[in-house]
Amino acid sequence: MVCNLCPRNCSVDRCKSLGFCGATNEVVVSKYMVHNWEEPCLVGDLTTTRRGSGAIFFSGCNLRCVYCQNKEISGSVKGTVYSVEGLADLMLDLQNMGVCNINLVTPTHYSNQIRKALDLIKGKLTIPVVYNTSGYEKPEEIEKMRGYVSVFLTDLKYFSSELSQKYSRASDYFEYAIESLRVMLDISPKMVFDKEGILQSGVIVRHLCLPTHRQDSIRILEELGSRFDKDSFKLSLMSQYTPEFCPEEFSQLRRRITTFEYESVVKVALRIGFDGYIQDKSSASAKFTPRF
Ligand code: SF4
């Protein structure tokens, strides 16, 4: 069967040739780990019964931004092949390790196999499943995750089609990301926490501020504020962009963001009144990039 799972619409048979994401029909996991560097409501702390997020980093990516910090796994498919049964067992193993949730990182191109794996462990997996995506999704594919995923952790990277084309070869990024977000909010319309403050259901919208492009960041916040009920999700504003991974030809991205740039975006987020997380600018260091 040909693959048109994401807006790239490659129409390739992934058993015979590769599409933009580089994935075959075999699920490849580059790494799994107890991950402590997600938003606080996803990882808990020393006071909570469960701790850390059970991250499964899938290999390959359908967006492949030029500045990606995880090029090692997004630019090519490498890692361990998992059967659907093996993937289901991996999720249960992570649950047994005491994590707060199963965090599916870059799951888009394996969404069919992920649903099959979750079907196998219905009733056994009792912690929330987090769909952690770049946002470049088809709304109808997100709809299929209803009943499987309760937490969506989605990026909203660009408003400008010029920027999304230049840095991610996806001129239609915003239109797909915003409509997919609408479906996520329909599936998980409000933030629900357990008594220890761990998120059980809801949507977190992440935005990584890029150097030079603060006006695009501000436009994204304005669009979010005007299109959706800002109390129905949390915003996670990130300052951790690091230029080390960006090729020299993209000169506007070859530096960190300045304090002025970040503060001007934060100011707009506060004015609109989003609830959520604002990353401290001191986090903009390569040492926070997970190693694979
Ligand atoms: S999931 Fe991969 S192969 Fe399928 S349409 Fe998207 S980029 Fe192409």
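Scroll up a little and you will see the structure.
Note that the coordinates shown come from a computational prediction; the quantities given were computed from them, not determined experimentally.

What counts and how
Numbers given for residues are sequential positions, taken from 1 along each chain in its written order. It should be noted that, the model being predicted, local features are given only for residues of pLDDT at least 70 and side-chain atom pairs only at 80 or more, the latter also being counted only at that level, while totals for whole chains, interfaces and linings use all residues. Processing note: side-chain calculations cover all non-hydrogen atoms of the structure and skip hydrogens and water entirely. Only protein chains enter the calculation, and the probe is 1.4 Å; a residue is then buried if its accessible area is under 20% of its type maximum, exposed if over 50%, and partly exposed in between. Helix numbers and strand numbers start at the N terminus; a helix is a DSSP run of H or I with at least 4 residues, a strand a run of E with at least 2. Here, strands pair whenever DSSP counts at least two bridges between them. What makes a salt bridge here is a side-chain nitrogen of Lys or Arg within 4 Å of a carboxyl oxygen of Asp or Glu, nothing more. Inter-axis angles, ranging from 0 to 180 degrees, are taken between N-to-C directions of lines fitted to C-alpha atoms, where helices are fitted over the stretch in contact. By the definition used in this description, the sense in which the near helix is turned from the far one sets the handedness, with an anticlockwise turn below a right angle giving left-handed and a clockwise turn giving right-handed. By definition in these notes, contact holds between two residues if any of their heavy atoms fall within 4.5 Å. Three categories are distinguished: nonpolar for Ala, Val, Leu, Ile, Met, Phe, Trp, Tyr, Cys and Pro, charged for Asp, Glu, Lys and Arg, and polar for the others, with Gly belonging to the last. Residue proximity to a molecule or strand is established when one non-hydrogen atom of the residue lies within 4 Å of it. A cavity here means a set of 1 Å grid points, computed over protein atoms only, where a 1.4 Å probe fits but cannot escape. A pocket is an open set with protein on both sides within 12 Å along at least 5 of 7 lines, and lining residues have an atom within 4 Å of a point. Those molecules having more than half of their atoms within 2 Å of a cavity or pocket grid point set are described as sitting in that cavity or pocket.

Caption draft 1: Just the pairing of strand β10 (residues 199-208), in detail. Of all 10 residues that make up β10, 8 are buried, and the element is covered over most of its length. Summarising the sheet, strand β8 (residues 151-155) and β10 pair through 5 bridges and their orientation is parallel. Opposite Val151, over in β10, you have Gly202 as the bridge partner. As paired elements, strand β9 (residues 192-193) and β10 share 2 bridges and run antiparallel to each other. Looking across to β10, one finds that Phe193 is bridged to Leu199.

Caption draft 2: Local environment of the pattern of salt bridges. Under the criterion given, the structure shown has 14 salt bridges. The salt bridge partner of Asp13 is Lys16, with a shortest N-O separation of 3.7 Å. Residue class for Lys16 comes out exposed when judged on its relative accessible area of 72%. Here Glu179 and Arg182 are joined by a salt bridge, their closest N and O atoms 3.2 Å apart. Taken together, the residues Glu179 and Arg182, both in helix α7 (residues 173-187) and 3 residues apart, mark about one turn of the helix. Look at Arg182 and you get partly exposed, because its relative accessible area is 36%.

Caption draft 3: Looking closely at the packing of helix α3 (residues 84-96) against helix α4 (residues 111-120). Taken N-terminus to C-terminus, the directions of α3 and α4 make an angle of 60°; their axes are 8 Å apart at the nearest point. For the pair α3 and α4, the crossing hand works out as right-handed. For the pair α3 and α4, the contacting residues are Val84, Glu85, Leu87, Ala88 and Met91 in the first and Gln113, Ile114, Lys116, Ala117, Leu118 and Leu120 in the second. Broken down by class, the residue content of the contact of α3 with α4 amounts to 8 nonpolar, 1 polar and 2 charged.

Caption draft 4: Inspection of the site of the ligand at higher detail. Near the ligand there are 13 residues, and of these Cys3, Cys6, Cys10, Cys21 and His109 occur at the shortest range. Of the pockets mapped on this structure, the ligand occupies the largest cavity. Tallied by class, residues from the shell around the ligand come to 6 nonpolar, 5 polar and 2 charged.

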